[in-house]
Amino acid sequence: MKLFTAFKLACFGLWSNRYRVLSAMMGVVIGMFAVIVLTAIAIGVKDTLMKQMGSLGAEQILVMPGRVLDTANGQKDLLSGLTSVPSTLTYEDAKAVEDVPDVKTVTPQLETVNFVEYEDKTVQSAIVGTTDQYSRVQHAKLAEGRFFTKEEQLAESKVVVVGNNIHDSLLGKNELPEAEEGSSTNVAEPMSWWKRLLNKILGEKVSAEETSLVGQSITINEESFEVIGVLAPNATLGSSTDNNVVMPIETALATTDMKNLTKMIVEASSLDAVDEVDGAVFNALSANHSEIDFSVVKQDQMLGALGKVTSILQVMLVGITATALLISGTGIMNVMVMSVRERTREIGIRKALGATTIEIMMQFFFETLLLCIIGGAVGIGLGYAFIEVWNGNIEIFALVLPMWAVKLALYTSVAIGSLVGIYPALKAASMKPSKALRFE
Amino acid sequence: MIDLKDVRKHYRSGNLKSEVLRGVNLQVKQGEYVAIMGKSGSGKSTMLNLLGTLDVLDTGEYKLAGKSVHKMSRGKRVRLRNEEIGFVFQHFQLIPNLSVFQNVLLPLTYGRKRLGKKKARVLALLDEMGLLDKKNQKPDRLSGGEKQRVAIARALVNEPGLILADEPTGSLDEETTESILSLFDRVHEQGATIVVITHDQEVAERAGRILRLQNGVLV
């Protein structure tokens with residue numbers, strides 16, 4: 001059997017029917033694109049969540065308002081905490097936790113939403129009151145300026161560090177050219193990805209007059225605050241600091257009506273002490289509360305719960321992609337069966353001229369296989385390009401494409417091609433030349 | 001070249017059995033030009049399919065170039081068809097998405113000859129048929145006469161011992177018919193054995209011997 005001849009004939013057959021082949025190939029292209037992109041999303045989301053939760057550090061313990069229930073297998077059901085009562089955690093609770101043995105630091109956080117004014121600009125922002133440890137604990141890097149010190153915190157200094165998005169909005173950097181002149185009130189929302197992409201293409205509009213607020217005064221709740229630093233962009237899933245204005249917790253308590261903590265990060269003195277500190281923090285807080293309306297969660301518990309969530313996500317994605325591939329495979333088989341029918345006379349001619357059953361079968365089998373492999377390669381290429389464009393322009397989370405996903409997609413396209421190619425190939429090969437030649 | 005002995009063939013349609021060939025005997029010598037005539041439904045096409053090994057006989061014997069076709073496996077029949085038989089059909093049976101050159105090359109694609117020789121052979125034949133300038137054209141750009149000349153070139157490309165033609169001028173006008181028949185004369189003069197199946201008396205008269213198929217028997 002001349003395999004190479006059959007392969008050449010298959011290539012030629014595909015080229016001769018290229019327009020029909022293109023439409024059939026779309027199924028595989030979309031299927032493989034889905035495999036690549038959905039896998040990259042699943043892995044990317046998992047990595048980002050794990051990184052964020054992992055960024056707490058193994059020695060850190062999160063104290064949250066609301067009661068996080070335990071599941072039957074002993075894991076923390078993090079979602080149950082979301083439906084709990086409003087926060088009753090206070091700065092006094094944080095101070096009580098500071099006295100727990102083996103606690104290294106406690107970083108409480110107060111949060112509210114308020115308007116921030118600078119000259120004629122007013123921007124809605126999340127006001128965060130916290131300690132000097134915030135930037136370290138939140139991994140919030142500074143783009144410029146500095147963070148406030150312990151002394152400034154205790155002295156209730158009216159200093160703030162602003163998030164990147166707030167900084168740019170107050171300076172008008174986030175406004176698109178067509179924004180109305182008269183409008184002076186902006187709502188500070190993270191710029192949508194397409195606007196960022198557009199800005200990248202057109203060149204971001206940067207104010208020529210002012211490029212930094214450091215050293216300037218802004219107004220919050222009719223109180224004047226000095227901007228001492230700007231946080232670097234930190235757009236990550238759910239915990240971006242881009243829209244925050246961070247001030248010392250003592251200042252926040254004195255100048256705003258914030259009283260209850262949104263969370264508290266407790267750092268144990270060593271990894272070995274985490275379990276002990278976890279229990280002691282719980283006991284210390286329980287002494288201050290009449291009921292258990294807070295939760296103390298260790299990093300490993302959080303990672304365990306997240307791992308389960310992301311595993312469910314991955315299983316779901318596998319199901320979706322398998323369905324997409326099944327549909328595209330069936331589509332290709334139908335197209336190839338139709339192709340065999342349309343080319344009945346051609347098959348008859350080839351057989352009359354000396355083509356063997358195996359040669360006809362191999363030609364049609366290779367046609368389907370090639371169609372799936374080429375479609376798979378195009379789908380993988382498009383998926384890769386999509387991931388590159390996403391990662392280059394969208395900061396919310398990075399898509400991660402592992403090599404195994406590329407191999408899986410390629411092997412799957414070969415497997416689909418092999419499976420769905422058998423039936424049309426057998427159908428073509430089994431034709432009687434005398435009948436096929438008479439086919440109208 | 002051809003030796004048929006008491007060949008019978010029937011087709012079945014549901015419960016109905018239709019006996020198309022009822023004991024055909026035929027001997028055709030090497031280099032002979034034979035025409036088989038008959039009315040519609042007389043079994044001409046079945047005869048051509050059996051002679052061309054496109055179908056198998058029920059009973060009887062068929063020897064082609066000294067080889068017992070009726071005893072051959074399917075694979076050997078395919079090889080024999082490729083190497084020993086050239087077909088010329090009424091409706092040309094060219095593959096529409098292949099060029100003239102590729103259509104003529106097709107029997108060699110499935111044969112055993114070397115590529116260099118294959119190309120040279122195709123080009124020589126196209127030159128002989130006056131089609132060299134059209135070698136890259138698709139069949140739909142050709143006239144009926146040109147298409148049939150391509151089909152004849154394809155039938156000759158493997159240098160077969162037997163040319164089987166099924167109503168070769170059935171789709172052509174009078175003038176083109178004459179040029180195609182002249183081509184058959186030329187091929188015959190070069191030593192090929194030709195069997196033409198036709199219902200056209202004028203076409204049959206170009207052959208050296210005319211046979212008539214009536215009710216499944218040659219008379």
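Residues numbered from 1 in each chain as written. Chains lettered and ligands numbered in written order. Predicted model: local features only at pLDDT ≥ 70, side-chain atom pairs only at ≥ 80, totals over all residues.

Caption draft 1: Focus on the pairing of strand S1 (residues 60–65) of chain A. Residues and elements named next belong to chain A. In the sheet, S1 pairs with strand S12 (residues 261–268) via four bridges, with the strands oriented antiparallel. What sits directly across from Leu 62, in S12, is Ile 265. In the sheet, S1 pairs with strand S13 (residues 294–298) via five bridges, with the strands oriented antiparallel. For Met 64, the partnering residue across the bridge sits in S13 and is Ser 295. (Pairing = 2+ DSSP bridges. Helix = DSSP H or I, 4+ residues; strand = E, 2+ residues; numbered from the N terminus.)

Caption draft 2: Representation of the interface of chain B and chain A in the model. Counting residues at the interface gives 16 residues for chain B, matched by 13 residues for chain A. Counting only elements with at least two residues in the side of chain B that touches chain A, the list comes to helix H2 (74–84) and helix H3 (100–109) of chain B. By residue number, the principal contributor to the side of chain B that touches chain A is H2 of chain B, which donates four residues. Of the residues in the side of chain B that touches chain A, the class split is seven nonpolar, seven polar and two charged. (Contact = placed C-beta atoms within 7 Å. Nonpolar A, V, L, I, M, F, W, Y, C, P; charged D, E, K, R; others polar.)

Caption draft 3: Main features of helix H1 (residues 3–16) of chain A. Residues and elements named next belong to chain A. A rise of 1.5 Å per residue sets the reference length of H1, with its 14 residues, at 20 Å; its end C-alpha atoms lie 20 Å apart and thus fit the reference within 8%. Here H1 has its buried residues at Ala 6, Leu 9, Ala 10, Gly 13 and Leu 14. Buried residues along H1 cover an arc of 135 degrees about the axis, so they all sit on one side. What points out from H1, more than 90 degrees from its buried face, is the exposed set Phe 4 and Trp 15. (Expected span 1.5 Å × (residues − 1). Buried ≥ 20, exposed ≤ 12 C-beta atoms within 10 Å, placed from the backbone. Arc of directions from axis to C-beta.)

Caption draft 4: Spatial organisation of the confidence of the model for chain B. Residues and elements named next belong to chain B. With 98% of its residues at a pLDDT of 70 or more, chain B has an overall mean of 88. Here helix H4 (residues 115–128) stands out as the element of chain B with the lowest mean pLDDT, 84, in contrast to strand S3 (residues 33–37), whose mean of 93 is the highest. Complex prediction metrics read pTM 0.63 and ipTM 0.91. (pLDDT = per-residue confidence, 0-100.)

Caption draft 5: Fine view of helix H4 (residues 91–98) of chain A. Residue and element names in this part refer to chain A. Listed in full, the buried residues belonging to H4 are Asp 93, Ala 94 and Val 97. Looking straight down H4, one finds that the buried residues subtend no more than 100 degrees of arc, so they occupy a single side. Exposed side of H4, more than 90 degrees from the buried face: Glu 92 and Lys 95 are the residues found there. Buried-residue contacts for H4 involve strand S4 (103–118), S12 and helix H10 (274–288).

Caption draft 6: Inspection of the pairing of S12 of chain A at higher detail. Residues and elements named next belong to chain A. Most of S12 is tucked away: six of the eight residues are buried. Bridge count between S4 and S12: seven bridges; the pairing is antiparallel. Opposite Gln 109, over in S12, you have Lys 263 as the bridge partner.

Caption draft 7: Seen up close, unusual backbone geometry. Unlike most non-glycine residues, Glu 156 of chain A shows phi in positive territory, near 55 degrees. Along the chain, the position of Glu 156 of chain A falls in the loop between helix H6 (150–154) and strand S7 (159–162). Despite not being glycine, Glu 167 of chain B shows a phi value in the positive range, around 45 degrees. You can call Glu 167 of chain B buried: it has 20 C-beta atoms within 10 Å.

Caption draft 8: Main features of the sheet that holds strand S6 (residues 85–88) of chain B. Residues and elements named next belong to chain B. Overall, mixed pairing links the six strands, which are arranged S6-S7-S8-S3-S9-S10 in an open sheet. Two strands in the sheet have a free side with no partner beyond their single neighbour: S6 and strand S10 (217–218). In this sheet, strand S7 (residues 162–166) lies alongside S6 in parallel orientation, the contact comprising four bridges. Among the inter-strand pairings, Val 88 is bridged to a residue of S7, identified as Ala 165. Each of S3, S7, strand S8 (193–198) and strand S9 (209–214) is contacted by helix H1 (residues 44–51), which is oriented at about 155 degrees to S8, the strand it contacts most. (Axes fitted to C-alpha atoms, helices over the stretch in contact; angles between N-to-C directions.)

Caption draft 9: The arrangement of the sheet that holds strand S2 (residues 16–28) of chain B in detail. All names here are of chain B. Ordered by their spatial adjacency, four strands build an open sheet running S2-S1-S4-S5, and the pairing between neighbours is antiparallel. With one partner strand each, in any of the chains shown, S2 and strand S5 (67–68) form the two edges of the open sheet. Bridging between strand S1 (residues 2–13) and strand S4 (residues 59–64) involves five bridges; their strand directions are antiparallel. By the bridge assignment for S4, Arg 8 is matched with Thr 59. Sheet strands in contact with H1 are S1, S2 and S4, and its direction is about 120 degrees off that of S1.

Caption draft 10: Representation of the packing of helix H5 (residues 144–156) of chain B against helix H6 (residues 174–189) of chain B. All names here are of chain B. Interhelical geometry of H5 versus H6 gives an angle of 15 degrees and a closest axis separation of 10 Å. In terms of orientation, H5 and H6 fall into the roughly parallel class. The handedness of the crossing between H5 and H6 is right-handed. Where H5 abuts H6, its residues Gly 144, Gly 145, Gln 148, Arg 149, Ile 152 and Leu 156 lie against Thr 176, Ser 179, Ile 180, Leu 183 and Val 187. Residue classes in the contact of H5 with H6 are distributed as five nonpolar, five polar and one charged. (Parallel < 35°, antiparallel > 145°, perpendicular 65-115°, else oblique. Left-handed = near helix turned anticlockwise from the far one by under 90°.)

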